[in-house]
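Descriptive analysis of the structure
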Amino acid sequence: MKVIFHERFYEVYTHDPAAAPGRMEAMVKALENEFEFVEPTPASDRDIERVHGRQHLQSVKEDGLIYKVGRLAAGGAILAGELACQGQPAFGLIRPPGHHASPHSCWGFCYFNNVAVAVKKLLSAGKIKSALILDFDLHFGDGTANTFAGSQEVTYVHPSGGHRAPYLKDLQGRLESEKTCDLIAVSAGFDRHEDDWGGLLKTEDYNAIGQWAKEFSFRLCQGRRFGVLEGGYNHAVLGINVKTFLQGFSD
Ligand SMILES: [Zn+2]
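Nothing here was measured: the structure is a model prediction, and the numbers come from that model.

1. Things to note about the overall build of the chain
- When you go through the chain residue by residue, the secondary structure sums to 9 helices and 7 strands.
- For a compact globule of 251 residues, the expected C-alpha radius of gyration is about 18 Å, and the chain comes in at 16 Å, within 12% of that figure.
- Projected onto its principal axes, the C-alpha positions of the chain cover 45 × 40 × 35 Å.
- Of the contacts formed within the chain by residues at least 6 apart in sequence, a portion of 77% connects residues at least 24 apart.
- When the accessible surface of the chain is split by element, carbon and sulfur atoms take 47% of a total near 9900 Å².

Structure below.
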């Protein structure tokens, strides 16, 4: 399991909770002794334009710092996806997050839809023909859903539910019901944790979710799987939650 990270993700590029100082540090501290870190290169405008319109790209470019960090985050997702296709599961420890970035607009601390940019690149290169995106963030990834609305190739799954056991059962059931798929990509947001905004999941649940996603990949996708960070805002538990997820998700 490779973790994709770049020092630039430490940069406090704006005043929102995803960009907060100390957030990446908490996760790096929890992961650096257990996983190999690799550095991404920035996504190209061409990569970003597979998902986003030119006007949206131009509007993000108006803030030079956000553009710089944002294209590096998208590049991190691309690298994670490419490693997954080479048989190496990977996780993009990246920010800004992406799942609220639609083709022509964005909100919710997101600018470019990292997971969508990665999946579209793999599809256009012919490395995969289909993908499932599992999003366990507290919030619905409207940007990802909009990007792949009506798509025959990509299924977006965002389980919901206000109680822990039914939520987990729904998530597991949605994975078990799929019949064919070349790759699973996970939008991993940790804001549904009991000590985060959603107040629902326990740390051990992230291990189970990671294992279910891994089992899905072995059942249908020859093990091809990667994840990217979305939300998660309580720095006191974020590190252990990401680590626990990756222990389930890795071989
Ligand atoms: Zn969220």
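2. Here's the deal with the coordination of the zinc ion
- Protein coordination of the zinc ion is provided by Asp137 (OD), His139 (ND1) and Asp191 (OD), with donor distances spanning 2.0 to 2.1 Å.
- Written as a sequence motif, the donor residues of the zinc ion are D-x1-H-x51-D. Placement of the pair is Asp137 in the loop between strand S4 (131-135) and helix H6 (142-147) and Asp191 in the loop between strand S6 (184-188) and helix H8 (203-220), with a sequence separation of 54 residues. In terms of burial, Asp137 and Asp191 fall into one category: buried.

3. Here's the deal with the packing of H8 against helix H9 (residues 235-249)
- Across the interface, H8 lies against H9 with an axial gap of 6 Å and an inter-helix angle of 30°. Considering the angle they form, H8 stands roughly parallel to H9. Along this stretch, H8 crosses H9, giving a crossing that reads as right-handed. Of the residues in H9, those touching H8 at Thr203, Glu204, Tyr206, Asn207, Ile209, Gly210, Gln211, Ala213 and Lys214 are Ile240, Asn241, Thr244, Phe245, Gln247, Gly248 and Phe249.
- Here the residues of the contact of H8 with H9 sort into 6 nonpolar, 8 polar and 2 charged.

4. Examining the pattern of salt bridges
- Under the criterion given, the structure shown has 12 salt bridges.
- Measuring nitrogen to oxygen at the nearest pair gives 2.9 Å for the salt bridge that ties Asp47 to Arg50.
- Glu204 is paired through a salt bridge with Arg164; the nearest N and O atoms lie 3.6 Å apart. With Glu204 in helix H8 and Arg164 in helix H7 (residues 164-176), this pair connects stretches of sequence that are 40 residues apart.

5. Considerations on the nonpolar core
- Residues Leu93, Phe136, Phe226 and Phe245 are the most contacted members of the largest nonpolar core, which totals 81 residues.
- For this core, the leading source of residues is helix H4 (residues 64-85), giving 11 residues.

6. Description of the pairing of strand S7 (residues 225-229)
- The buried fraction of S7 is high, at 5 of 5 residues.
- The alternating pattern of S7 places Arg225, Gly227 and Leu229 and Phe226 and Val228 on opposite faces, both of which are buried.
- Judged from the 3 bridges that link them, strand S3 (residues 90-92) and S7 form a sheet pairing that is parallel. Bridging across to S7, Gly92 finds its partner in Val228.
- Across 5 bridges, S6 lies against S7 in parallel orientation. Bridging from a neighbouring strand, Val186 pairs with Gly227 of S7.
- The β-α-β motif built from S6, the intervening H8 and the parallel element S7 has right-handed crossover chirality.

7. Quick word on the side chain of Glu178
- Among the structural elements, Glu178 can be located in the loop between H7 and S6.
- Of the side chains bearing the opposite charge, Arg174 lies closest to the buried Glu178, which forms no salt bridge; the N-O distance is 6.6 Å.
- In this structure Glu178 touches Leu132, Thr155, Phe216, Arg219 and Leu220, once residues within four positions along its chain are discounted.

8. Topic: the sheet that holds strand S1 (residues 2-4)
- The strand order across the open sheet built from 7 strands is S2-S1-S3-S7-S6-S4-S5, with neighbouring strands paired in parallel fashion. Looking at strand neighbours, the two that pair on one side only are strand S2 (36-38) and strand S5 (154-157), the edges of this open sheet. Each strand axis lies, on average, 20° off the axis of its neighbour in the sheet, ignoring direction.
- Strand direction decides the pairing type here: S4 and S5, joined by 4 bridges, are parallel. Across the sheet, residue Ile133 finds its bridge partner in S5, namely Tyr156.
- With respect to the sheet, H8 is in contact with S4, S6 and S7, its orientation differing from that of S6 by roughly 165°.
- Strands in contact with H9 are S1, S3, S6 and S7; relative to S3, the strand with the most contacts, it is inclined by about 155°.

Reading guide: rules and limits
- Residues numbered from 1 in each chain as written.
- Predicted model: local features only at pLDDT ≥ 70, side-chain atom pairs only at ≥ 80, totals over all residues.
- Heavy atoms only, no water.
- Helix = DSSP H or I, 4+ residues; strand = E, 2+ residues; numbered from the N terminus.
- Rg over C-alpha atoms; globule rule 2.2 N^0.38 Å.
- Contact = heavy atoms within 4.5 Å.
- Areas by Shrake-Rupley, 256 points an atom, 1.4 Å probe, with all protein chains shown as cover.
- Donors = N, O, S within 2.8 Å, 3.2 Å for Na, K, Ca; no water.
- Buried < 20%, exposed > 50% of the residue type's maximum accessible area, 1.4 Å probe, protein only.
- Axes fitted to C-alpha atoms, helices over the stretch in contact; angles between N-to-C directions.
- Parallel < 35°, antiparallel > 145°, perpendicular 65-115°, else oblique.
- Left-handed = near helix turned anticlockwise from the far one by under 90°.
- Nonpolar A, V, L, I, M, F, W, Y, C, P; charged D, E, K, R; others polar.
- Salt bridge = Lys/Arg side-chain N within 4 Å of Asp/Glu carboxyl O.
- Core = buried A, V, L, I, M, F, W, Y, C linked by side-chain atoms within 4.5 Å.
- Pairing = 2+ DSSP bridges.
- Right-handed = clockwise from strand over helix to strand, strands pointing away.
- Lys, Arg positive; Asp, Glu negative; His and termini not counted.

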